[in-house]
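# An overview of the molecular structure
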Amino acid sequence: MIIDTHVHIGNAIGKCMTKEMVIESMERYEIDFSLVSNLSSVEYDGDLNPIPMILQKSQLASFEESIDFARRHPDMIGILPWIKPATERPDEDFWRLMEENSDIVYGIKVHPFHSKTYFDSPKMESYIQLAQKFHIPVFSHTGGCEEAHPIHVYNMAVKYPDVNFVMVHMGLGTDNQEAIELLGKAPNLYADTTWVPISSIIEIVKNFGSDRVFFGSDNPIDGVDTYHHNPKGELSVYQQYFNELERKIGSEHYQNIMYKNAMNVLGVKIKNRESLL
């Protein structure tokens, strides 16, 4: 059983990830359930330049597209609405969609790099309060710029102890040590495995156990074979997750990371759940 908590659809910043690619990849690599966010609503490009508004998709439009995807694949797809804190706020229509689709929304997704917004900025407050209202976590990209350092996610975790926060990537492009240390300081702070070497996950399990890590991948950022290799043909780190990690940390910890935490903490519902827990 595998639940991937970090999957994308959308077309922006030179990436085109279609719904068909997600389904094909899941079937090819036996992924049981995916939590999807729509990157078509990015606000800044890879050089941290603002994307012209005419080329951006509103967070409401991205949310609606994701809802349609999940409704057509209820046994495979859940939603993490992508938010735009630099240029938008959660308006009445956004709240309405949250209420009407609470059965398929498992959190909200923010990308401080592509929003060029500090996670602990006042611009985030209304979104954190939305998560608080609906009892869902906030998934935040970490890494790549000052605005996206893990410390800013920690600051919000301390400010809102009744909301769970997920440090996606655990500081992309770093040795993950800042994120690992922060995990020990806030019980409502979580991590995901996206592009994280298994050595960092082994360290977390050794120091804190396995109940605060979710499997995530960025699928299908490198195409339908993201779980296997990149466009250069180099093996993906996820092959180590699938083929080596269980032997190194034991089946109980492995199952927690790969699917049980998503069920128990996020409330992801899978057929025959009782037999898996």
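Above this text sits the structure in question.
Attention here is on the structure that accompanies the text. Just so you know, these numbers come straight off a predicted model, no measurement behind them. (Residues numbered from 1 in each chain as written. Predicted model: local features only at pLDDT ≥ 70, side-chain atom pairs only at ≥ 80, totals over all residues. Heavy atoms only, no water.)

With that settled, the discussion passes to the overall build of the protein. Looking only at helices and strands, the protein features 11 helices and nine strands. The C-alpha atoms of the protein give 17 Å as radius of gyration, which agrees with the globular expectation for 277 residues (19 Å, within 12%). C-alpha atoms of the protein, sized along the principal axes, occupy 50 × 40 × 40 Å. Looking at the protein as a whole, 58% of its 277 residues qualify as buried. Considering only residue pairs separated by 6 or more positions, the protein has 74% of its internal contacts joining residues 24 or more positions apart. Per element, the accessible surface of the protein, about 11600 Å² overall, is 49% carbon and sulfur. Side-chain charges in the protein split into 24 positive and 39 negative, and the spacing between the mean points of these groups amounts to 1 Å. (Helix = DSSP H or I, 4+ residues; strand = E, 2+ residues; numbered from the N terminus. Rg over C-alpha atoms; globule rule 2.2 N^0.38 Å. Buried < 20%, exposed > 50% of the residue type's maximum accessible area, 1.4 Å probe, protein only. Contact = heavy atoms within 4.5 Å. Areas by Shrake-Rupley, 256 points an atom, 1.4 Å probe, with all protein chains shown as cover. Lys, Arg positive; Asp, Glu negative; His and termini not counted. Charge placed at Lys NZ, Arg CZ, Asp CG, Glu CD.)

Size it by volume and the largest pocket reaches roughly 380 Å³. Contributions of two or more residues to the lining of the largest pocket are made by strand E1 (3-12), strand E2 (15-17) and helix H4 (112-115). A per-class count over the lining of the largest pocket returns nine nonpolar, nine polar and four charged. The space that makes up the second largest pocket amounts to roughly 230 Å³. Taken together, 17 residues line the second largest pocket, and the ones lying closest to its centre are Tyr 106, Phe 134, His 135, Ile 136 and Pro 137. Listing elements by their share of the lining of the second largest pocket, those giving two or more residues are helix H5 (125-134) and helix H11 (251-266). (1 Å grid on protein atoms, 1.4 Å probe; cavity = no way out; pocket = protein on both sides within 12 Å on 5 of 7 lines; lining within 4 Å. Points joined across faces, edges and corners; volume = space filled by probe spheres on them. Nonpolar A, V, L, I, M, F, W, Y, C, P; charged D, E, K, R; others polar.)

Counting 82 residues, the largest nonpolar core has Phe 165, Leu 189 and Ile 201 as the members making the most contacts within it. Considering each element in turn, this core owes the most residues, seven residues, to H11. The contacts of Leu 189, once residues within four sequence positions are left out, are Val 153, Tyr 154, Ala 157, Phe 165, Met 167, Leu 182, Leu 183 and Arg 212. Ala 12, Met 17, Leu 39 and Trp 82 belong to the second largest nonpolar core, which has six residues in total. (Core = buried A, V, L, I, M, F, W, Y, C linked by side-chain atoms within 4.5 Å.)

The next thing to look at is the sheet that holds strand E4 (residues 77-79). Strand order in the open sheet formed by four strands is E2-E1-E3-E4, and the pairing between neighbours is mixed. In this open sheet, the two strands that pair with only one neighbour each are E2 and E4. Pairs of neighbouring strands in the sheet enclose a mean axial angle of 45°, with direction left out of account. For E1 and strand E3 (residues 33-38), the ladder comprises five bridges, and the chain directions are parallel. Paired with His 8 across the bridge in E3 is Ser 37. Against the sheet, helix H1 (residues 19-29) makes contact with E1, E2, E3 and E4, and its axis sits at roughly 150° relative to E1, the strand it touches most. Each of E1, E3 and E4 is contacted by helix H2 (residues 59-72), which is oriented at about 155° to E4, the strand it contacts most. (Pairing = 2+ DSSP bridges. Axes fitted to C-alpha atoms, helices over the stretch in contact; angles between N-to-C directions.)

Moving on, we get to the sheet that holds strand E5 (residues 108-110). On the basis of which strands lie adjacent, the open sheet formed by five strands has the order E5-E6-E7-E8-E9 and parallel pairing. The sheet terminates laterally at E5 and strand E9 (213-214), the two strands that pair on one side only. The sheet contact formed by strand E8 (residues 189-192) and E9 spans two bridges and is parallel. Of the residues in E9, the one forming a bridge with Ala 191 is Val 213. Those strands touched by helix H6 (residues 150-159) are strand E6 (138-141), strand E7 (165-168) and E8, and its axis lies near 175° from that of E7.

Every buried residue of helix H8 (residues 198-208) is accounted for by Ile 198, Ser 200, Ile 201, Ile 204 and Val 205. Viewed along the axis of H8, the buried residues span an arc of 155°, placing them on a single side of the element. Where H8 is buried, its residues meet helix H7 (177-183), E9, helix H9 (238-243), helix H10 (245-249) and H11. Gly 209, located one to two residues past H8, shows a positive phi value of around 90°. (Arc of directions from axis to C-beta.)

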